[in-house]
Amino acid sequence: MASQQPAKPPATPAQQQPQKLPKRRRSGCTIWLFILVFLILSIIGVGLFKPVTLAIAQEFVVGVTRGGILKTEEETKVDSCIPDEKTNALVSVTRTRRVTTYNNGSVLEITFSDPPIPADCRQ
């Protein structure tokens, strides 16, 4: 008599060979990474070349935690004919004072000063 081999049961999903997944494109991740780097460099550039603009963005972010911005006042003054400490020459300095009041009563005051320039103080 010929011995009969028992029939093999069908393979379970765990025993089957894994199917190859289609390759994913990395362009979406690369685009988001590029956008993130661009935003970071833009914020650094704004901070270096236009600090007043950066201050406005910071005021808004702080305002989110303080219940919003109630009012903002900006005042620019030129202090002229001030003696320079190093050279004892007369200079002018432009100062911008920005006061932001938030809805919870807190106040943020920022003062920006330009570099001193020689002043003509003939009177």
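Conventions and cut-offs
Residues numbered from 1 in each chain as written. Predicted model: local features only at pLDDT ≥ 70, side-chain atom pairs only at ≥ 80, totals over all residues. Heavy atoms only, no water. Helix = DSSP H or I, 4+ residues; strand = E, 2+ residues; numbered from the N terminus. Patch = residues over 30% accessible without salt bridge, like charges linked within 9 Å, V, L, I, M, F, W, Y side chains within 5 Å. Areas by Shrake-Rupley, 256 points an atom, 1.4 Å probe, with all protein chains shown as cover. Salt bridge = Lys/Arg side-chain N within 4 Å of Asp/Glu carboxyl O. Buried < 20%, exposed > 50% of the residue type's maximum accessible area, 1.4 Å probe, protein only. Polar contact = N/O pair within 3.5 Å; in protein donor to acceptor, adjacent residues only side chain to side chain. Contact = heavy atoms within 4.5 Å. Pairing = 2+ DSSP bridges.

Engineer: Explain unusual backbone geometry to me, please; I cannot follow it from the model alone.
Structural biologist: Most peptide bonds take the trans form, and the phi angle of most residues other than glycine is negative. Positive phi, close to 60 degrees, is recorded for cysteine 81, a residue that is not glycine. Inspection of the secondary structure assignment puts cysteine 81 in strand E1 (residues 69-83).

Engineer: Teacher, can you tell me more about a nonpolar patch on the surface here?
Structural biologist: Judged by side-chain polarity, Ile31, Trp32, Phe34, Ile35, Phe38 and Leu39 come together as a nonpolar surface patch covering roughly 710 Å² of accessible area. Summarising the element assignment, leucine 39 is placed in helix H1 (residues 27-49). Overall, the relative accessible area of 46% leaves leucine 39 in the partly exposed class.

Engineer: Help me understand the side chain of threonine 100 in this model?
Structural biologist: Note on placement: threonine 100 falls in strand E2 (residues 90-102). A distance of 3.1 Å separates polar atoms of two side chains, one belonging to threonine 100 and the other to glutamate 59. Excluding residues within four positions of it along the chain, threonine 100 makes contact with Glu59, Ile69, Lys71, Thr72, Ser106, Val107 and Leu108.

Engineer: Can you help me understand the side chain of glutamate 59 in this one?
Structural biologist: Secondary-structure assignment places glutamate 59 in helix H2 (residues 51-65). At 2.8 Å, the side chain of glutamate 59 and the side chain of arginine 98 are in polar contact. Beyond its immediate chain neighbours, meaning those up to four positions away, glutamate 59 contacts Ile69, Thr72, Arg98, Thr100, Tyr102, Leu108 and Ile110.

Engineer: Would you explain the pairing of strand E3 (residues 107-113) in this entry?
Structural biologist: A regular strand places its side chains on the two faces of the sheet in alternate fashion. Two strands pair when backbone bridges link them, and E2 and E3 are joined in this way by seven bridges, in the antiparallel orientation. Residue pairing across strands places arginine 97 opposite threonine 111, the latter belonging to E3.

Engineer: How should the pairing of E2 be read in this particular structure?
Structural biologist: The pairing of E1 with E2 spans twelve bridges and is antiparallel. Pairing of aspartate 79 across the sheet is with valine 93, part of E2. Between E1 and the antiparallel strand that follows it, E2, lie six residues; asparagine 88 among them carries a positive phi value of about 65 degrees. In this sheet, strand E4 (residues 117-118) lies alongside E2 in antiparallel orientation, the contact comprising two bridges. Bridge pairing in E4 links valine 91 to proline 118.

Purely geometric stuff here, so don't read any function into it on its own.
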